[in-house]
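Overview (structure and organization)
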Amino acid sequence: MKVLEANKSTNAMVLMFIQMRPKQWTKNLLCFSALIFSFEKLAEYSLLKSLAGFVIFCFVSSCVYILNDFFDREADRQHPTKRFRPMASGQLNPTLALCTGAMILLLSLLSSFVLDSYFGLVVLFYFVLNVAYSMKLKHMVIIDVMSVATGFVIRAVAGGLVIGVNLTPWFLLCTLLLSLFLAISKRRHEFILAQSDDSKLRYVLQFYNKDLLDQMNGIVTTATIMSYALFTFTSGHSLYLMTTIPLVLYGVFRYFYLMHVEGKGGSPDKLLFEDKHILITVLLYGLLVALILKFE
């Protein structure tokens, strides 16, 4: 009997971990952006503080997923893939998941305020924004993609706050525009997929069409590249940081290729690891920026 209870407890822990969607944690790597662009000015403990900020964002974002799946569990049971999620499938007790998520959220928020009061406020705002997105904003055309993009900007701002670095307006604008590009690309992929297999559309997709999403992406892509170029010009490392522009261009063009030719783009976090070209480009970009800032 004790062995059976132990197995049930272990199984619940595994299901809870799956429910937290650890694969989505790659989105929180943006918390390290301030560290990458400012590490030559920082103390040794800055890496630890950035790592702590990253972990906190991972847990807080997981709490949002738990809350979202709790409210959507009935609808998810009718979805071809979401029905396999722990709560929707009935494997994980919804009350247990909600209570565990509440404890994780409380500990994460307390830890964020211990690190830095402003960082704590930003983390709290991030959670509120994501709850609002899950409950209402994801059903509002254009505001849905802007909300997703704002979430990425918040991560970048929080990453700067936790190590005491002010990010430039150009950097934040680049982050916002790149996030909009990824969010619009995801919506486009969802729209094309829903049209091709005649499946049930996400509610907000009924207000979009392919032409609108392509035009929005074209505008955002142009603005992203121009903003990044201006960021390199005004960064104080112009002559050298400009050498990263070709990598940014290739990364954007490669994403367009995957989206328009191979029909991908629904999960940017998955593409980062599945497509070797994207992964190598990101790694080379990070290495080049680090070398420029370190040895210029």
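Up top is the structure.
Residues numbered from 1 in each chain as written. Predicted model: local features only at pLDDT ≥ 70, side-chain atom pairs only at ≥ 80, totals over all residues. Heavy atoms only, no water.

**Things to note about the pattern of salt bridges**
One pass over the full model with this rule turns up 8 salt bridges. Between Asp214 and Lys210 there is a salt bridge, with the nearest N and O atoms lying 3.1 Å from each other. One end of the pair is Asp214 and the other is Lys210, both in helix 8 (residues 210–233) and 4 residues apart, which spans about a single turn. For Lys210, a relative accessible area of 34% gives the class partly exposed. A salt bridge links Glu262 to Lys264, with the nearest nitrogen and oxygen atoms 3.4 Å apart. When salt bridges that share partners are traced, they join Arg21, Asp69 and Arg85 into one network. (Salt bridge = Lys/Arg side-chain N within 4 Å of Asp/Glu carboxyl O. Helix = DSSP H or I, 4+ residues; strand = E, 2+ residues; numbered from the N terminus. Buried < 20%, exposed > 50% of the residue type's maximum accessible area, 1.4 Å probe, protein only.)

**Comments concerning the packing of helix 5 (residues 117–135) against helix 6 (residues 143–162)**
In the contact formed by helix 5 and helix 6, the axes pass within 10 Å of each other and the chain directions differ by 165 degrees. Taken together, the axis directions place helix 5 and helix 6 in an arrangement best described as roughly antiparallel. Taken as a pair, helix 5 and helix 6 cross one another with a handedness that is left-handed. Residue-level contacts link Tyr118, Phe119, Val122, Phe125, Tyr126, Leu129 and Tyr133 of helix 5 to Asp144, Ser147, Val148, Thr150, Gly151, Ile154, Arg155, Ala158, Leu161 and Val162 of helix 6. Considering only residue class, the contact of helix 5 with helix 6 consists of 12 nonpolar, 3 polar and 2 charged. (Axes fitted to C-alpha atoms, helices over the stretch in contact; angles between N-to-C directions. Parallel < 35°, antiparallel > 145°, perpendicular 65-115°, else oblique. Left-handed = near helix turned anticlockwise from the far one by under 90°. Contact = heavy atoms within 4.5 Å. Nonpolar A, V, L, I, M, F, W, Y, C, P; charged D, E, K, R; others polar.)

**Brief notes about the side chain of Thr244**
Note that Thr244 resides in the loop between helix 9 (238–241) and helix 10 (245–260). A distance of 2.5 Å separates polar atoms of two side chains, one belonging to Thr244 and the other to Tyr228. In contact with Thr244, other than residues within four places in its own chain, are Tyr228, Thr232, Tyr285, Leu288, Val289 and Ile292. (Polar contact = N/O pair within 3.5 Å; in protein donor to acceptor, adjacent residues only side chain to side chain.)

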